[in-house]
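Tertiary structure, described
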Amino acid sequence: MRYFSRPSRESAESAYLTDLYGKHYEPFGAISLSDETIMGTDGIVLEEVAGETLAIHPENAAWAFLNAGEAKWYRQLDRKPFGWLRHNVSSHGTDAALGFIAHLYRRGLLTLNSHAAVDHRMFADGANYEEGNLIELLITEKCNLACPYCLAGANSSMPAMDRDIARKTVDLAFAMRESDTLAFEFAGGEPFLKYDLMKETVQYIRNHPQRRNRRLFISTQTNATLLNEERVRWLKEEDVRVGISIDGGAQSQNLSRPQVNGKESFSKLSKGIDLLHRFEVSFGGLVVLNRSNADDPAALAATMLSLGIHGFRLNPVAYLGDARKNWNKVGLNQEHIIGFIKGLMDHIVEQRLPLLEDNVRSMCDFLTSKQRRTRCMRTHCGAGDTFQAIAANGDIYPCGRATQSPGLKLGNIFDPGVESLSQPSRNNVIMAQIRERRPADLEGCNSCSYRQLCQSGCSAQAWERYGAVRHRTPECSFYKTLYPYLMRWLSFDEAAFDHLNAYNYFNNEGMRFSHEFMPLQDGAVVT
């Protein structure tokens, strides 16, 4: 049997999930078996993944690889008493049957007298994660760059937010009482085109009369080309978290992210990155994978390291915003994206590079946790409820990916009767469909073994591509391929697992389990 896990996370979640959500989760502990204990495998699927047998429960996302001998015995366990197995595998030693059954049970791949260690409906009603409210302010929809895939459709003729809209947005954010944590993100367009308003709004947030004891987090997503010493000092002093947009080295960056006047942007980006390093402002990178940068994973890795960037998120270009009209210029098929990700991860491991790609890190998190922490990689994303994006004119959208989809608009901050940012979503028909969106209800997802790992993906992308939120993500094959790939790769490749574990893909708490309970020999079918 082979799998990887995070024992410390599982231990913490055992109490957390029970206390907060009433979900039964017992990943540890001794078990007591009698020969009369009835074993059950109902709901478990066995799949072949690159020549190995994966046992997976599609609803609670429990999984492990079984060797050929273990798989032969596993297929016979349903409705059999434990004594039957113990008698038939006695040649493997007195503890073989007990160890095999104990691991299957604790992993959530077996019931004992109809009792499961992992709740079969673990993800039926949410992400199992208490997150704060996230408010994205598109403080300007103007931009000094002309990216052909811009999610926000930003350009020099777009509107910018004024002081009244910014303050009203903050007031309505503090009027939400769903959480004690508020996270504000300044985005655009390019937010540093409205630097003075951003500074003023940050002070308004920090000194807001309704703040009380609420925790605050403030961040910005910037292309870094407008940074100077004053602005970087301000980021440091105000503890503003920073994400920078970068699409690779000079050639890729200048093709993918030119200035509005057509000139190159890489030199300005590099200066901004140098300033962030000089003033010790930590930051992460955001790379939009598109046709200008999707051919050489090693080149991207080298660029990141040369610029001192060790953590970044690689987002495949989405069919949203300006990418819709430029798809023939920027779009990629899923096979190309999957190949690039695999090539990048193989290169990181083979060269022992200190690089963390955040989508893969999130997927590793989902494979070793019963919580779903990354909003855009789950169906229960909080769109409209715990996440709102406010356009420069005050229009309210359920998330940053929805701002170029008029059908997802929830209203405007100045509409009569709007008392908080979350209020407009409460009686919205489409938001109700997002809340009720379940993988088991969607065509294609309901028969997929990985449905509670990807959870049908992004609702906004489904809406934009198919005209409905009750549809699986257009990135379906991406998740359906990469999840089993990661499971197989990291369960069987010790060096790969150890390298990723050392570089925070498992928060440095990962464990790889490998033990043959039932060798193939003597694994004959017994009835």
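Cut-offs applied
- Residues numbered from 1 in each chain as written.
- Predicted model: local features only at pLDDT ≥ 70, side-chain atom pairs only at ≥ 80, totals over all residues.
- Heavy atoms only, no water.
- Helix = DSSP H or I, 4+ residues; strand = E, 2+ residues; numbered from the N terminus.
- Rg over C-alpha atoms; globule rule 2.2 N^0.38 Å.
- Buried < 20%, exposed > 50% of the residue type's maximum accessible area, 1.4 Å probe, protein only.
- Contact = heavy atoms within 4.5 Å.
- Pairing = 2+ DSSP bridges.
- Right-handed = clockwise from strand over helix to strand, strands pointing away.
- 1 Å grid on protein atoms, 1.4 Å probe; cavity = no way out; pocket = protein on both sides within 12 Å on 5 of 7 lines; lining within 4 Å.
- Points joined across faces, edges and corners; volume = space filled by probe spheres on them.
- Nonpolar A, V, L, I, M, F, W, Y, C, P; charged D, E, K, R; others polar.
- Core = buried A, V, L, I, M, F, W, Y, C linked by side-chain atoms within 4.5 Å.
- Domains from an automatic or database assignment.
- pLDDT = per-residue confidence, 0-100.

**Quick notes on the overall build of the protein**
- Along the protein, the regular secondary structure elements total 18 helices and 17 strands.
- Against the globule reference of 24 Å for 527 residues, the protein gives a C-alpha radius of gyration of 25 Å, in line with a compact fold.
- Across its three principal axes, the protein shows a C-alpha extent of roughly 75 × 50 × 40 Å.
- Within the protein, the fraction of its 527 residues that count as buried is 59%.
- Within the protein, contacts between residues at least 6 apart in sequence are counted, and of these 73% link residues at least 24 apart.

**Notes on the pairing of strand β10 (residues 241–245)**
- The buried count for β10 comes to 4 of 5 residues, which makes it a mostly enclosed element.
- Alignment of strand β9 (residues 215–222) against β10, held across 4 bridges, turns out to be parallel. Paired with Thr222 across the bridge in β10 is Ile244.
- Traced from β9 through helix α7 (residues 229–237) to β10, the parallel crossover comes out right-handed.

**Side note on empty space enclosed by the protein**
- Under the criterion given, the structure shown has 2 cavities of 30 Å³ or more.
- Reported here for the largest cavity is a volume of approximately 120 Å³.
- Lining of the largest cavity is provided by 15 residues; of these, Cys381, Ala383, Cys399, Cys458 and Ala460 occupy positions nearest its centre.
- Class assignment of the residues belonging to the lining of the largest cavity gives a composition of 12 nonpolar, 1 polar and 2 charged.

**Side note on the nonpolar core**
- Of all hydrophobic cores here, the largest spans 152 residues; its most connected members are Leu77, Leu85, Phe100, Ile101, Leu104, Phe184 and Ile244.
- With 9 residues, the top contributor of residues to this core is helix α17 (residues 476–492).
- Both domains that furnish three or more residues to this core are identified here as domain 1 (7–125) and domain 2 (132–220 + 372–442).
- When residues no more than four places from it in sequence are discounted, the contact partners of Phe100 are Met1, Leu66, Glu70, Trp73, Tyr74, Leu77, Leu85, Phe517 and Met518.
- Cys143, Tyr149, Val288 and Val317 belong to the second-largest nonpolar core, a separate cluster that totals 11 residues.

**What about the sheet that holds strand β8 (residues 181–187)?**
- Strand order in this open sheet of 10 strands is β13-β12-β11-β10-β9-β8-β7-β14-β15-β16, and the pairing throughout is mixed. What marks the edges here is a single partner per strand, and that holds for β13 (356–357) and β16 (411–412).
- With 2 bridges joining them, strand β15 (residues 395–397) and β16 adopt antiparallel strand pairing. Bridged to Ile396 within β16 is Gly411.

**A few points about unusual backbone geometry**
- Residue Gly189 is reached from Gly188 by a cis peptide bond, and omega for that bond is 20 degrees.
- Along the chain, Gly189 falls in the loop between β8 and α6 (195–206).
- With phi around 55 degrees, Asp239 is a residue other than glycine that occupies positive phi space.
- Residue position: Asp239 is located in the loop between α7 and β10.
- Even without glycine at this site, Asn508 takes up a positive phi of about 60 degrees.
- With respect to the element layout, Asn508 can be found in the loop between α18 (494–502) and β17 (511–514).

**What to know about the confidence of the model for the protein**
- Summarising the model, the protein shows a mean pLDDT of 94, and 98% of its residues fall at 70 or more.
- Contacts for the low-pLDDT stretch residues 522–527, under 50 throughout, to residues beyond four places or in other chains number 13 contacts.

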